[in-house]
Amino acid sequence: MVYAGLGVRTLINAKGPATRLSGGIMRAEVASAMAEASQSCVDIAELQAAASRIIAGATGAEAGYVASGASACLLIGAAACMTGLDPGRMARLPDSQGMKNECVMVRSQRNFYDHAIRAAGMKIIEVGLPDRYAGAGVRDAEAWEIDDAMTERTAAVFYVADSQSRPPLAEVTAVAHARGVPVIVDAAAQLPPQANLRRFISEGADLVVFSGGKALGGPQASGILAGRRDLVMAAALQHLDLDVFWDMWEPPPSLIDKTRLKGAPQHGIGRSCKAGKEEIVGLLTALHMFIAEGDAARHARWLADCEIIAAALNGHQVWVTGREDKAQVPSVEITPDPARITPAALCRVLQYGDPAIAVDPAGRDRGVIIVNPMCLKPGEAEIVGQRIAHALA
Ligand SMILES: *Cc1c(COP(=O)(O)O)cnc(C)c1O
């Protein structure tokens, strides 16, 4: 086992596909497609053009692209919105002076991942007063506030998709498009449901990103960018290796229309977000399998593991969430008896036991630990159930 050779312990991931836990478990077919891809060299732009076709088919977008994560896709997507197809601007980033370089963002949607947008040289203009979160009221940002904040410096509206997000995306794209401003949607973790592959594009998003390493089950270091052909072209040009001679360079026209360029851009700001042929092939394989499995079968697979864990904890306070809704990821919520062990202490016992089990402590303030089935391997649900039962006894 490679990890034993490195002196690194493996863990049972009952938290879900978190980067700090190395993501999830790829299916054998995905891993073997990556191994096979590693044994031949290809023209990487041709492979990205094939990815573009497949991602377009899966999302309903005009074009698509693969980079090293959803976050990487946000960075190159933001860059594309600032530079357009101008090689000089591409070369200057992250210095975005003299370009449209602001994005309007709802204040309640600010999060750790918006670093990716700022890293490209974009400045975030926050709008809205999220007093529904403060407990003081019911409102959040409204479409007219986004409209008010757009100026001649606005390169994009940045929208983070979630069931809680306000205002609705369709209202945001309507006000943005009325001013000719593109909308970038961070939908990194918005799968399942599978319908979300198409939903944001159909609601008017100009670019949308998804993580390859979350529910899609692709390589941990992969992400999808899907959207308008010209913006995907601008993103590709800032990501690809462009150490080329202009007269010898024949990029695939479906991805890069050379006739629209005044010259070959230099290596761009996205060069640090590279995806290898193995990641691209692995992601496309995973995307195919994700669509082939479908929400109902996936939900049934995850729910079966949740029921095994809940059954092992019979007699304790345990609750399976998302049993009925096939669009959701079901989970197990366990409320330990506070007189015996706190949620945080229970998480620690599991995390530092043998084998180590990572669970989700996000519910600790309401007294629960959460078990997420997405990254469990066959046989692990039984172990998780037994170990939690033992820790609670
Ligand atoms: C996970 C996540 C990301 C980052 O995705 P990576 O594929 O790990 O780069 C970005 N935004 C949101 C909202 C996420 O949940």
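The rules behind each value
Residue indices begin from 1 for each chain and proceed along its sequence in written order. For a predicted model such as this one, the threshold for reporting local features is a pLDDT of at least 70, and the threshold for listing and counting side-chain atom pairs is 80 or more; totals across whole chains, interfaces and linings nevertheless cover every residue. Note that the side-chain values use all heavy atoms of the structure and ignore hydrogens as well as water. The patch calculation keeps residues exceeding 30% relative accessible area without a salt bridge and links them within 9 Å when they carry like charges or within 5 Å when they are nonpolar (Val, Leu, Ile, Met, Phe, Trp, Tyr). Methods summary: accessible areas were calculated by the Shrake-Rupley approach with a probe of 1.4 Å, and residue burial reflects only the protein chains presented. Basic side-chain nitrogens of Lys or Arg form a salt bridge, by our definition, when they fall within 4 Å of a carboxyl oxygen of Asp or Glu. Strands here are runs of E lasting at least two residues and helices are runs of H or I lasting at least four, both read from the DSSP assignment and numbered beginning at the N terminus. Exposure is judged per residue with a 1.4 Å probe applied to protein chains only, and the accessible area is read against the type maximum: over 50% gives exposed, under 20% gives buried, and values in between give partly exposed. Counted as positive: Lys and Arg. Counted as negative: Asp and Glu, with His and the chain ends omitted from the count. When checking whether two residues touch, look at their non-hydrogen atoms; a contact exists if any pair is within 4.5 Å. Every axis in this analysis is a line fitted to C-alpha atoms, fitted for helices over the stretch in contact. Angles between the N-to-C directions lie between 0 and 180 degrees. Here roughly perpendicular refers to angles of 65 to 115 degrees, roughly parallel to angles under 35, roughly antiparallel to angles over 145, and oblique to all remaining angles. The sense of a crossing depends on the near helix, which, turned anticlockwise from the far helix by less than a right angle, makes the crossing left-handed and, turned clockwise, makes it right-handed. Only Asp, Glu, Lys and Arg are considered charged, only Ala, Val, Leu, Ile, Met, Phe, Trp, Tyr, Cys and Pro nonpolar, and every remaining residue, Gly among them, polar. In this scheme, strands are said to pair when DSSP sees at least two bridges between them. Here the limits of each domain have been adopted from an automatic or database domain assignment. Here the buried area means the combined drop in accessible surface, using a 1.4 Å probe, for two parts upon being joined, counting both sides. Here a polar contact is taken to be a pair of N or O atoms separated by no more than 3.5 Å, where protein atoms must pair a possible hydrogen donor with a possible acceptor and residues adjacent in sequence count only if both atoms sit in side chains. The arc in question is the one traced by the directions running from the helix axis out to the C-beta atoms. A pair of Phe, Tyr and Trp rings is counted when the ring centres sit within 6.5 Å of each other, with Trp represented by its six-membered ring. The angle between the planes then sorts it: under 30 degrees is stacked, over 60 is edge-to-face, the rest tilted. Distance and angle both matter: a charge sits over a ring if NZ of Lys or CZ of Arg is within 6 Å of the ring centre and within 35 degrees of the ring normal.

Quick look at a nonpolar patch on the surface now. A contiguous nonpolar surface patch, about 570 Å² in accessible area, is contributed by M1, V2, Y3, L6 and V8. Within the secondary structure, L6 sits in helix α1 (residues 2–6).

On to the pattern of salt bridges, then. Under the definition given, this model contains 21 salt bridges. Residue R301 is joined to E293 by a salt bridge in which the shortest nitrogen-to-oxygen separation is 2.8 Å. Look at the salt bridges and you will find they share partners, linking R27, E293, D295, R298 and R301 into a network.

This part covers the side chain of E380. Tracing the chain through its elements places E380 in helix α14 (residues 380–392). It is K377 that comes nearest to the buried, bridge-free E380 among opposite-charge side chains, at 4.4 Å. For E380, the contacting residues outside a window of four places in its chain are I12 and C375.

Put simply, helix α13 (residues 343–351) and α14 touch, their axes get as near as 10 Å, and they point 130 degrees apart. Here α13 is positioned oblique relative to α14, judged by the angle of their axes. The handedness of the crossing between α13 and α14 comes out as right-handed. Of α14, the residues touching α13 (which contributes L346, V349 and L350) are R387, I388, A391 and L392. Along the lines of polarity and charge, the residues of the contact of α13 with α14 split into six nonpolar, no polar and one charged.

What follows concerns the pairing of strand β10 (residues 331–335). Burial within β10 is extensive, with four of its five residues counted as buried. Here strand β9 (residues 317–321) runs beside β10; their pairing, made up of five bridges, is antiparallel. In the strand pairing of β10, T321 is matched with S331. Sheet topology note: the β10/strand β12 (residues 369–371) ladder contains three bridges and is antiparallel. Looking at the pairing, V332 lines up with V371 of β12.

For the chain, the domain assignment lists domain 1 (2–18 + 294–392) and domain 2 (27–288). Using C-alpha coordinates to define each centre, domain 1 is positioned 33 Å away from domain 2. Taken together, the contact between domain 1 and domain 2 spans nine residues of the former and seven residues of the latter. It is P17, D295 and A327 that lose the most area in domain 1 upon contact with domain 2, and together they represent 51% of the buried surface on that side. One can count zero salt bridges joining domain 1 with domain 2. On inspection of domain 1 and its partner domain 2, the count reaches two residue pairs in polar contact (both at pLDDT 80 or more). Of the residues in the side of domain 1 that touches domain 2, the class split is five nonpolar, one polar and three charged.

It is worth spelling out helix α9 (residues 169–178) at this point. All of the buried residues in α9 are L169, V172, T173, V175 and A176. Seen end-on, α9 carries its buried residues on one side only, within an arc spanning 165 degrees. Buried residues in α9 make contact with α8 (143–149), β5 (154–160), β6 (183–186) and α10 (196–202). One or two residues past the end of α9 sits G180, with phi positive at roughly 70 degrees.

Next up on the list: the sheet that holds strand β8 (residues 223–227). If you trace the seven strands from one edge of the open sheet to the other, you get β2-β8-β7-β6-β5-β3-β4, paired in mixed fashion. In the strand order of this sheet, the two ends are held by β2 (63–67) and β4 (123–127), each with one partner. Each neighbouring strand pair of the sheet contributes to a mean axis angle of 25 degrees, computed without reference to strand direction. The strands that helix α4 (residues 70–83) touches are β2, β5, β6, β7 (207–211) and β8; relative to β7, the one it contacts most, it runs at about 165 degrees.

So, on to the packing of aromatic side chains. Enumeration according to the criterion identifies two aromatic pairs in this entry. Taking 5.9 Å as the distance between ring centres and 45 degrees as the angle between the ring planes, the aromatic pair formed by W246 and W249 counts as tilted. W249 sits in the buried class, given a relative accessible area of 10%. The ring centre of W246 lies 4.5 Å from the NZ or CZ of K258, which sits over that ring. Directly above the ring of F290 sits R298, whose terminal nitrogen or CZ lies 3.7 Å from the centroid.

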